[in-house]
Amino acid sequence: MEKFSTEYFRKLASDLKFSLTDEEIEALKKDFEAVEAQVHLFEQVDTEGVEPMIWPFETPTVFLREDVENETLDQKDALANADDVRMGHVHVPKVVK
């Protein structure tokens, strides 16, 4: 049984509420196989003795601006144009299973 079958992609697309052509499925299979091969290469890298990286930069980030509160809408104004408001939140219909 192939790892990324046509049925797998059809079910995934159905669950996400869109359809795929046979050509798109074949292209996705190739893409997924390429990504899987790249992940396999990363798994082979020897990381013994390498300290885990906690932050992407060694120096502190100093170039960010200070947060300054400007004009802010109150909740009533923010929800004024919403079609369905429940308990102070915009209510939207469920779109996935």
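Keep in mind it's a predicted model, so treat the numbers as computed, not measured.

Thresholds applied
Residues numbered from 1 in each chain as written. Predicted model: local features only at pLDDT ≥ 70, side-chain atom pairs only at ≥ 80, totals over all residues. Heavy atoms only, no water. Helix = DSSP H or I, 4+ residues; strand = E, 2+ residues; numbered from the N terminus. Rg over C-alpha atoms; globule rule 2.2 N^0.38 Å. Contact = heavy atoms within 4.5 Å. Areas by Shrake-Rupley, 256 points an atom, 1.4 Å probe, with all protein chains shown as cover. Buried < 20%, exposed > 50% of the residue type's maximum accessible area, 1.4 Å probe, protein only. Patch = residues over 30% accessible without salt bridge, like charges linked within 9 Å, V, L, I, M, F, W, Y side chains within 5 Å. Salt bridge = Lys/Arg side-chain N within 4 Å of Asp/Glu carboxyl O. Phe/Tyr/Trp six-rings, centres within 6.5 Å; stacked < 30°, edge-to-face > 60°.

Draft legend 1. Inspection of the overall build of the protein at higher detail. Within the protein one finds 3 helices and 2 strands. Going residue by residue from the N terminus, the α and β elements of the protein occur as α-α-α-β-β. Its C-alpha atoms give the protein a radius of gyration of 24 Å, more than 25% over the compact-globule value 13 Å for 97 residues. For the protein, the C-alpha atoms occupy an extent of roughly 55 × 45 × 20 Å along the three principal directions. Excluding contacts between residues fewer than 6 apart, the proportion of contacts in the protein whose partners are at least 24 apart in sequence is 34%. Carbon and sulfur atoms form 58% of the exposed surface of the protein, whose accessible area is close to 9,800 Å².

Draft legend 2. A look at unusual backbone geometry. Even without being glycine, K17 reaches a positive phi, approximately 65 degrees. Inspection of the secondary structure puts K17 in the loop between α1 (6–15) and α2 (22–43). Within the chain, M87 stands out as a residue other than glycine whose phi angle is a positive 50 degrees. Within the secondary structure layout, M87 lies in the loop between β1 (85–86) and β2 (89–90). When its relative accessible area of 82% is taken as the criterion, M87 is described as exposed.

Draft legend 3. Focus on a nonpolar patch on the surface. Where nonpolar side chains cluster on the molecular surface, the patch consists of Y8, L12, L16 and F18 and spans about 370 Å² of accessible area. Here L12 shows up in helix α1.

Draft legend 4. Focus on the packing of aromatic side chains. A full pass over the atoms with the stated rule returns 5 aromatic pairs. Measuring from ring centre to ring centre gives 6.3 Å for F4 and Y8, while their planes differ by 55 degrees; the resulting arrangement is tilted. For F4, a relative accessible area of 13% translates into the label buried. Ring plane angle 90 degrees and centroid distance 5.0 Å describe the contact between F9 and F32, whose orientation is recorded as edge-to-face. Note that F9 is positioned in helix α1 and F32 in helix α2, a separation of 23 residues in sequence.

Draft legend 5. Representation of the pattern of salt bridges within the structure. Evaluation of the coordinates by the stated rule reveals 6 salt bridges. The shortest N-O distance in the salt bridge between K29 and E26 comes to 3.3 Å. Separated by 3 residues within a single helix, K29 and E26 lie in helix α2, roughly one turn from each other. The class for K29 is buried, based on a relative accessible area of 7%. For E26, a relative accessible area of 39% translates into the label partly exposed. A salt bridge links D84 to R86; the shortest N-O distance between them is 3.1 Å. Using a relative accessible area of 45% as the deciding quantity, one classes R86 as partly exposed.

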